[in-house]
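# Tertiary structure, described
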Amino acid sequence: MTPPKTLSTSKSFIPKPVPKSTSPVLPPLPPPLRKDALPILPPLASFSNTTTTSLSSYTIIPNEFREFILTSRRSISPDTQVFRFLLPHPPFSPLDVPVTHVRIKHPVTGEIKDYTPILNHHQNKEGYFDLLVKTYPTGHISKFLHSLTIGDFIFASGPFETIQLDVFSSSSLLSQTKILMLAAGSGITPMFQILKKLYTNYDKGWDCTLVFANRNEEDILLREDLDNIQHSSRNIKLHYFLSGKVKSPSSEKIIHGRVTELWLKKNVFEGEHRSLLTLCCGPKSFNEDMEKILLDNGYPQETIHILY
């Protein structure tokens, strides 16, 4: 039998190199597409060739959170901005009931907060909704909204009636003739909704006194819009209360100090100024103080409506 061959020890063993794989090398993944790079649909975009399924994703509904794209934003005070979100038309759930709100869901924490859209008489035609958002140090959703750039999305559902009372129908509002609105801070938004509704559709038959409390003059939200309504209508009286330091008020409507029972008695509660319907919206402490003053001055509980 021939003995088996053995490896020579006179030379070092050098293994052959492993051939490179012939599989194609995949290119690196592209960076995620920024939402601000997405095309913005124009407000009057035509959806005639859009399927029902894809179209429904742009329609706001109460029982599901859906994505809505931010098309613009503008600053109206140092800590407050108005955000405009696309709401294509048609179809589209109307947001023009007197007092309504939408719900915004935080994309990470799942936290939900209600916001009152700011409406105007062109909104149903142009297909968008505007949210006035004041940022707070502990407000997770307000800080999230203020971090958005054009083209980003929010998750929203609605619309929901802020308060389900027949008194907020247009005919009932007009039948009240005298309306008192007490607002503080961002609590102006539901009041603004009602004022726009009345001012846009009815030029007489109602009178409204709006008492709006803030800290500083630059904190008066929607001031230009409110002043324009008053300038164009004799039906509304505006009073701006400022609790901070006021060097030289820029308007006779500005009153330095807090809203007091004494001032309300003199300017609102007595005689022809007395309202038949009272709406109040602001921080909890403001609402509680105003409700107590109203009740102490003979206002029936059923005529006082606290909005949150």
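Quick look at the structure, then. Residue positions are given per chain, counting from 1 as you read along its sequence in written order. The model is predicted, so local features are restricted to residues of pLDDT at least 70 and side-chain atom pairs to those at 80 or more, both for listing and for counting; the totals for chains, interfaces and linings are taken over all residues. To obtain the side-chain values, all non-hydrogen atoms of the structure were included, while hydrogens and water were left out.

As a further point, take the overall build of the chain. A tally of regular secondary structure across the chain gives eight helices and 13 strands. Categorising residues by exposure relies on relative accessible area from a 1.4 Å probe, with only protein chains included: less than 20% of the type maximum marks a residue as buried, more than 50% marks it as exposed, and the intermediate range marks it as partly exposed. Buried residues in the chain amount to 44% of all 308 residues. Sequence-distant contacts, at least 24 apart, represent 70% of the contacts inside the chain between residues at least 6 apart. Where accessible areas are quoted, they stem from the Shrake-Rupley method and a 1.4 Å probe; at the residue level, only the protein chains shown are allowed to cover. Summing over all exposed atoms, the chain offers an accessible surface of approximately 18100 Å²; the carbon and sulfur share of this is 56%. Runs of E in the DSSP output that reach at least two residues are strands. Runs of H or I that reach at least four are helices, and both are numbered from the N terminus. A contact between two residues is defined here by any heavy atoms of the two lying within 4.5 Å.

What follows concerns the sheet that holds strand E9 (residues 207-214). A pair of strands counts as paired when DSSP detects no fewer than two bridges linking them. With parallel pairing, six strands are arranged side by side in an open sheet as E11-E10-E9-E8-E12-E13. On the outer flanks of this sheet lie strand E11 (254-256) and strand E13 (304-307), each paired with one strand and no other. In this sheet, neighbouring strand axes are inclined to one another by 20° on average, regardless of whether the strands run parallel or antiparallel. Pairing of E9 with strand E10 (residues 236-242), which is carried by seven bridges, proceeds in the parallel orientation. Across the sheet, residue Val211 finds its bridge partner in E10, namely His239. To define axes, lines are fitted to C-alpha atoms, for helices over the stretch in contact only, and angles between the resulting N-to-C directions are given on a 0 to 180 degree scale. Strands E9, E10 and E11 of the sheet are contacted by helix H6 (residues 223-232), whose axis makes an angle of about 150° with E10.

Turning to the sheet that holds strand E2 (residues 80-86), a few remarks are in order. The strand order E4-E3-E7-E1-E2-E6-E5 describes an open sheet built from seven strands, whose pairing is antiparallel. A strand with exactly one partner marks an edge of an open sheet, and here the two such strands are strand E4 (112-115) and strand E5 (117-118). Pairing of E5 with strand E6 (residues 128-134), which is carried by two bridges, proceeds in the antiparallel orientation. From the neighbouring strand, Pro117 faces E6, where its bridge partner is Leu131.

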